[in-house]
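Listed below are the residues making up each chain.
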Amino acid sequence: MERLICTGKEGDFLVIGGQEFNHLKALRVKKGDRLEVFCEGRLFLSILLSIEKGYALCKPLEEINIPLPKPEVNLYQCIPLELRLMEEVIDRASQTGANLLIPLVCKRGFQKLSVVEEKLERWKKLSLASFKQCKRPKPMEIGRPIRLYELEAKEEVSLVLDNFSAEADIKSLDLTKRSYGVLVGPEGGLSIEEVETLKSKGFKPLFLRPYVLRMEMAGAVATALIMNLAGKS
Ligand code: SAM
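Parameters at a glance
- Residues numbered from 1 in each chain as written.
- Predicted model: local features only at pLDDT ≥ 70, side-chain atom pairs only at ≥ 80, totals over all residues.
- Heavy atoms only, no water.
- Near = heavy atom within 4 Å.
- Polar contact = N/O pair within 3.5 Å; in protein donor to acceptor, adjacent residues only side chain to side chain.
- Areas by Shrake-Rupley, 256 points an atom, 1.4 Å probe, with all protein chains shown as cover.
- Helix = DSSP H or I, 4+ residues; strand = E, 2+ residues; numbered from the N terminus.
- Nonpolar A, V, L, I, M, F, W, Y, C, P; charged D, E, K, R; others polar.
- Pairing = 2+ DSSP bridges.
- Axes fitted to C-alpha atoms, helices over the stretch in contact; angles between N-to-C directions.
- Domains from an automatic or database assignment.
- Contact = heavy atoms within 4.5 Å.
- Buried area = accessible area lost by both parts, 1.4 Å probe.
- Salt bridge = Lys/Arg side-chain N within 4 Å of Asp/Glu carboxyl O.
- Disulfide = S-S within 2.5 Å.
- Buried < 20%, exposed > 50% of the residue type's maximum accessible area, 1.4 Å probe, protein only.

J.: Help me understand the site of the ligand, please; the structure alone is not making it clear to me.
T.: Taken together, 19 residues lie around the ligand, and Leu 161, Asn 163, Leu 208, Tyr 211 and Leu 213 are the ones closest in. In the environment of the ligand, an oxygen atom lies 2.7 Å from a nitrogen or oxygen atom belonging to the side chain of Asn 163. At a separation of 2.9 Å, an oxygen atom of the ligand approaches a polar backbone atom of Gly 185. Compared with its free state, where it exposes 580 Å², the ligand has 85% of that area covered by protein. Residue assignment for the shell around the ligand shows that the elements contributing at least two residues are strand 14 (204-207) and helix 5 (215-229). Its residues placed into classes, the shell around the ligand shows 13 nonpolar, four polar and two charged.

J.: Mind showing me how you'd approach the sheet that holds strand 3 (residues 13-17) here?
T.: The strands making up a sheet are joined through hydrogen bonds of the backbone, oriented either antiparallel or parallel. The sheet built from six strands is open, its strands ordered 1-4-5-6-3-2 with mixed pairing. A single partner strand is all that each edge strand has here, and the edge strands are strand 1 (3-5) and strand 2 (8-10). Neighbour-to-neighbour, the strand axes of the sheet open up by a mean angle of 45°, direction not taken into account. As paired elements, strand 4 (residues 34-39) and strand 5 (residues 42-51) share six bridges and run antiparallel to each other. Within strand 5, the residue paired with Val 37 across the bridge is Phe 44.

J.: For this particular structure, what's the right way to read the domain arrangement of the protein?
T.: As a measure of interface size, the accessible area lost when the parts come together is often cited. Domain assignment breaks the protein into domain 1 (3-63) and domain 2 (72-229). Relative to domain 2, the C-alpha centre of domain 1 lies at a distance of 33 Å. Contacts between domain 1 and domain 2 engage eight residues on the former and six residues on the latter. Across the domain 1/domain 2 interface, buried area totals approximately 620 Å², and carbon plus sulfur atoms make up 65% of it. Along the contact surface separating domain 1 from domain 2 lie one salt bridge. Between Lys 132 and Glu 20 there is a salt bridge, and its shortest N-O distance comes to 2.6 Å.

J.: What am I meant to see in the side chain of Thr 223 here?
T.: Note that Thr 223 resides in helix 5. Apart from residues no more than four positions distant in its own chain, Thr 223 is found in contact with Val 73, Leu 75, Thr 96, Gly 97 and Ala 98.

J.: Sorry, what's going on with the pattern of salt bridges here?
T.: Pairing is possible between side chains that carry opposite charge, provided their charged atoms lie close to one another. On inspection of all chains with the given rule, the structure shows 16 salt bridges. Ionic pairing is found between Glu 36 and Arg 3, a salt bridge with its closest N-O pair at 2.9 Å. Of this pair, Glu 36 sits in strand 4 while Arg 3 sits in strand 1, and the two are 33 residues apart along the sequence. In this structure, the salt-bridge partner of Glu 88 is Arg 92, at a minimum N-O distance of 3.0 Å.

J.: Got a minute to help me understand the state of the cysteines in this structure?
T.: A covalent bond between the sulfur atoms of two cysteines is referred to as a disulfide. Summed over the entire model, instances satisfying the criterion amount to one disulfide. The disulfide that involves Cys 6 links it to Cys 39, with 2.3 Å between the sulfurs. Taking the sign of the S-S torsion, about 50° here, the bridge from Cys 6 to Cys 39 comes out right-handed. Of the two residues, Cys 6 is situated in the loop between strand 1 and strand 2 and Cys 39 in strand 4; the sequence distance between them amounts to 33 residues. Across the pair, Cys 39 and Cys 6 agree in class, each one buried. No disulfide involves Cys 106; its sulfur sits 3.4 Å from the nearest other cysteine sulfur, which is in Cys 78. We note that Cys 134 lacks a disulfide partner, and the nearest cysteine sulfur, in Cys 6, lies 19 Å from it.

Set out below in structure tokens:
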């Protein structure tokens, strides 16, 4: 079933306008067709009531409550120097099931927080686009950027992906926990000091076999492995 994002409400009806309306037309959804509409953080099975000039009206029939997959994987992604690579990171992390992505300012990554803040709206839109495509129960959240040194280990298992010094691989992890935090370095990798600081805060270094991955691949691979080896939906 097609999934669209509402752009507003008209009484009890959900409005699909703007680019979403163009998408609806491209999908050739017709009056009377059923579709899933995401509105104000909730997903509704809906019926297309009418197509007007520039927008469509849908009637919500029932709320769709799909349980969230377990475990929860939160990604802490160092912002790459090549900022556009974050777009690939977001799409892949969303598809593989990450719950939340927090952009991190780190030593060898992109430094200007103000520029990153300006990108947040675009990144959230990409997360929504991926949510539509891969039929997640809810969109991957994008958090506000923070500095790597401010980060604390919050999940039951906190991991730092480390292609240099890590002794642990995925098989040595405790995969029975409910939440995992996964930190990924930028293109040039993490500095030794950063890895040591993270270790002192309880982050466990993890190596992904067998080769060095591109940053935009590493977080998604770790997420997919944890979701599949540890996850029960
Ligand atoms: N420039 C680094 C080098 O020469 O080894 C590579 C950095 S890699 C492109 C970017 C980040 O992805 C790393 O900091 C790490 O967090 C993660 N990463 C990539 N491959 C990995 C692997 N095989 N195991 C664990 N982490 C990996």
